[in-house]
Structure formats: C-alpha cells, structure tokens
Amino acid sequence: MTTSPGAQPPAALLVIGHRGARGHAPENTLASFRKALELGCRWVELDVQWHDGELWVMHDLRLERTTSGHGFLAEHDAATLRALDAGQGERIPTLREVLDLLDGRCGVNVELKTADGTARAVAQLLRDRIARGARPEHFQVSSFHLPELREFRRALPEVPVGVLLAGVPLTLAQAAAELEASVVSLDAEFLEPLLIADAKRRGCHVYAYTINRADELPRLRRLGIDGIFTDYPNRFLGGGSP
C-alpha cells in the first residue's frame, strides 16, 4: 500500500471506516476492524486514550455507552478495563493490538482523545512501527485537541496530521496551516464552502464526518470533499445496504 490521505487524487473519494466498521460490529473493537478489512476499507479511523501505561482504543471518556463498565475509563486500572465487555464479548483493545491485527493491510487514522502524554505515547509506538518497516504515510494522527496534536507533530513530524473541526473558526483553516496539516476534517453539519476553499488554498484535503447515506455523495462532491468517515463502508465501496 503506497497511498496516504495526503496523496489521494481529488477525483477519488477516500472512504474511511469510522471506528472500524461501527455500523456492523461494536465500535473500536478488533471485530470492528476485522469487518472493515473484510469490506475493503483502505483506511480506518480509531480513537485512543492514554491511561495506566496503555493506549486504549475507545472513543468515550466514560465506559457506560460502549462497555459493561461504569464511570470514567481513567478511574480504572488496566486489569479492570481488560475484563470489561465492549460488546458481543469483545474487549477494549490497545492501539498496539489493533496495529498488530491490521498488519499494514490498511492505513490507520489515530485520533487523540486525551492529552497529558497521549501524543508522546502514540508517537513512540508509531516510531517503533516505522523502524520495523511501516511507512509513515500509512498513518495519520488527528485531534480536536490542537495543542496535543502540535505535541505529536513535534515528536514525529514524518507522520501526517489532520485537524478536526466541529464548527467554522473565525480564522477558517489557519490552525491547519500552522500545524502543517495534510487534512482538515469537518463535521457534516459545518461544511462551509468558505472553510473548505480556505483549507484547499492552504494545501489540505478536506474530509467530512460522519457520512452514512450514499445519497449525500453528489452534494459532497460539489463541495469538493476529498474523503469521508463512515460507519457503513459497504455503502460507499460497492457493498450496498444495510
């Protein structure tokens, strides 16, 4: 695989499996990433939190929605977290376990969900993978937490970064330029043409999240969107419904 998010031709809409294939298996679990591979995803997205010496692949800071646990993830030790059911008998995986499973078969967009060491831990793990033969462009690291993303950029500049936005900043895509980001990813409710145009002027590709309806594609193409995050990759990769 030689293609990275930053290298996608504009005519090719990149389809990124959101938290694996969240519409088909419990999100951010090994089962979800296996399903994404089965569906033909060239890229997947996942979320990481740094706690108790591990990079836990989990979106919410609290456990209730996606696991059998209660309270904040950061309130529990690794042994307790390991014992939780993350849906259909799955466990909360670590980033290392997910990368071992994927084994270079698709690109990985790692979203930093927490601060206080998350960027450094991710940088170290990806640095180790690159030293063992992985290509830096097979990864992308993104975040809403821009100071943490800047920390990652300083630690491992060879890996592309993506800025996540949930609104339309007054400065448009200036933050992406300051971070030398390859991608700006926008909430589907805030696909502002001025912001999209500014990001592209600054050399960034623009992705939209979370897109689950195929009938949205004509509008996304008119807006110049280069890629999407989706819970249902099959709907955009020729697999149809559901």
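No experiment lies behind these values; they were computed from the predicted model shown. (Residues numbered from 1 in each chain as written. Predicted model: local features only at pLDDT ≥ 70, side-chain atom pairs only at ≥ 80, totals over all residues. Heavy atoms only, no water.)

### A closer look at the pairing of strand S9 (residues 227-230)
For step 1, the next point in the chain: The alternating pattern of S9 places Gly-227 and Phe-229 on one face and Ile-228 and Thr-230 on the opposite face, and all of these are buried.
For step 2, the next point in the chain: The sheet contact formed by strand S1 (residues 14-18) and S9 spans four bridges and is parallel. Bridge pairing in S9 links Leu-14 to Gly-227.
For step 3, the next point in the chain: Of the pairings in the sheet, the one linking strand S8 (residues 205-209) to S9 comprises two bridges and is parallel in character. Each bridged residue has a counterpart across the sheet, and for Ala-208 the counterpart in S9 is Ile-228.
For step 4, the next point in the chain: Taken together, S8, helix H8 (residues 217-223) and S9 form a β-α-β motif whose crossover is right-handed. (Buried < 20%, exposed > 50% of the residue type's maximum accessible area, 1.4 Å probe, protein only. Helix = DSSP H or I, 4+ residues; strand = E, 2+ residues; numbered from the N terminus. Pairing = 2+ DSSP bridges. Right-handed = clockwise from strand over helix to strand, strands pointing away.)

### Focus on the environment of Asn-212
For step 1, the next point in the chain: Topologically, Asn-212 is positioned in the loop between S8 and H8.
For step 2, the next point in the chain: When the C-alpha atoms of Asn-212 and Phe-229 are compared, they prove to be 8.4 Å apart, with 17 residues separating the residues in sequence.
For step 3, the next point in the chain: Those residues in contact with Asn-212 that sit more than four places away from it in its chain are Thr-230, Asp-231, Tyr-232, Arg-235 and Phe-236.
For step 4, the next point in the chain: Only 3.1 Å separates the side chain of Asn-212 from the side chain of Thr-230, close enough to count as a polar contact. (Contact = heavy atoms within 4.5 Å. Polar contact = N/O pair within 3.5 Å; in protein donor to acceptor, adjacent residues only side chain to side chain.)

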